Amino acid sequence: RWLPALRRRCDIAGKRLSGTGVAAEGRVLRAVLYVYHSRLLRHRSYLALQQVEQCLKRLWKMNLVGCIETLAGLIPKKNTSQAHAECLVPSQPMLETVALKVLGGCKLILRLLDCCCKAFLLSVKHLCSEEFILLNTVASGLLSRLWFVIQYRCVLQSLMSLYGMLSTSLHLVSETQQMPYIKGFTFPSDISNFLGVNVSSEVKKQKARMLTTKKPTSWLKKLFSTMPEAVSEVGKKRNFATCTTAVKNCSIPCPADIGEPVL
């Protein structure tokens, strides 16, 4: 009875972990780090982005998706109708390996979310102080998208539910045939105790910190100064007239060359 549930959890966790959103944000992050490597080698925002990129790199090098897909391929797809019928199940070494990788992946994703939150707050802080405006603008948008993509797709929650099913499966298989592979480590029955934090409350704290950050609007006002009231009122009066005459005058050739620079 637990084999279809285990296969279903493996499919959900594999799809959410191998989504296009996380991979796309990782490629953009590597491109940004490559562009600013020689200019901002010791800048705090750049170092914080490097920590985020290291977490992503370690997560992909674990090959967690491939390990989960291998486990799903070992589970028989046809359910036996008889109650006491024999069927092939994944061995204890395979279940222990996948469970250990899932534990490490949850730790890494939790660390990744924390690094994204800290780097985002640091980028906004430097943005408010009008320091490296272009880099910090790109970094703040990239980090917020990466954080929300992981949370929106429930990557961490799917891995935690997969470990719960793996723990049950490992207990049942070890009772049938003892084949311990990983020695010197006791697999926790509750993954929340292993992570050491309450995931839901920690994510809510990070989201509150990111949403209540001071908005960097001072440098925007300097770059895009507001128009005078007189000019704006004249523009409002002539807005409809210019829109209506634009179509009529579209066939009239422009006296100036398009390629000439506009001062």
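Going by an unreviewed UniProt entry, the protein chain carries the name NEPRO protein and comes from Ciconia maguari.

(A) The arrangement of the state of the cysteines in detail. Under the criterion given, the structure shown has 0 disulfides. Looking at the unpaired Cys67, the closest cysteine sulfur is the one in Cys10, lying at 9.3 Å. Here Cys67 falls in the buried class, since its relative accessible area comes to 10%.

(B) View of the packing of aromatic side chains. Evaluated as defined, the whole model comprises 1 aromatic pair. Ring centres of Trp147 and Phe148 lie 4.9 Å apart, and the angle between their planes is 80°; this geometry places the pair in the edge-to-face category. Just above the ring of Phe194 sits the side chain of Lys107; from NZ or CZ to the centre is 5.4 Å.

(C) Summary view of helix α2 (residues 20–35). Its 16 residues place the ends of α2 23 Å apart at the C-alpha level, agreeing with the 22 Å of an ideal helix rising 1.5 Å per residue. All of the buried residues along α2 are Val22, Glu25, Gly26, Leu29, Val32 and Leu33. Down the axis of α2, the sector holding all buried residues measures 125°, keeping them to one side. Residues of α2 that are exposed and point more than 90 degrees away from the buried face comprise Thr20, Arg27 and Tyr34.

(D) Expanded view of the packing of helix α5 (residues 92–128) against helix α9 (residues 199–211). Running from N to C, α5 and α9 point in directions that differ by 15°, and their axes come no closer than 10 Å. The orientation of α5 with respect to α9, classified from their angle, is roughly parallel. Judged by the twist between their axes, the crossing of α5 over α9 is left-handed. Listed contacts from α9 to Leu113, Asp114, Cys117, Phe120 and Leu121 of α5 are Val203, Gln206, Arg209 and Met210. Residue classes in the contact of α5 with α9 are distributed as 6 nonpolar, 1 polar and 2 charged.

What counts as what
- Residues numbered from 1 in each chain as written.
- Predicted model: local features only at pLDDT ≥ 70, side-chain atom pairs only at ≥ 80, totals over all residues.
- Heavy atoms only, no water.
- Disulfide = S-S within 2.5 Å.
- Buried < 20%, exposed > 50% of the residue type's maximum accessible area, 1.4 Å probe, protein only.
- Phe/Tyr/Trp six-rings, centres within 6.5 Å; stacked < 30°, edge-to-face > 60°.
- Lys NZ or Arg CZ within 6 Å of the ring centre and 35° of its normal.
- Helix = DSSP H or I, 4+ residues; strand = E, 2+ residues; numbered from the N terminus.
- Expected span 1.5 Å × (residues − 1).
- Arc of directions from axis to C-beta.
- Axes fitted to C-alpha atoms, helices over the stretch in contact; angles between N-to-C directions.
- Parallel < 35°, antiparallel > 145°, perpendicular 65-115°, else oblique.
- Left-handed = near helix turned anticlockwise from the far one by under 90°.
- Contact = heavy atoms within 4.5 Å.
- Nonpolar A, V, L, I, M, F, W, Y, C, P; charged D, E, K, R; others polar.

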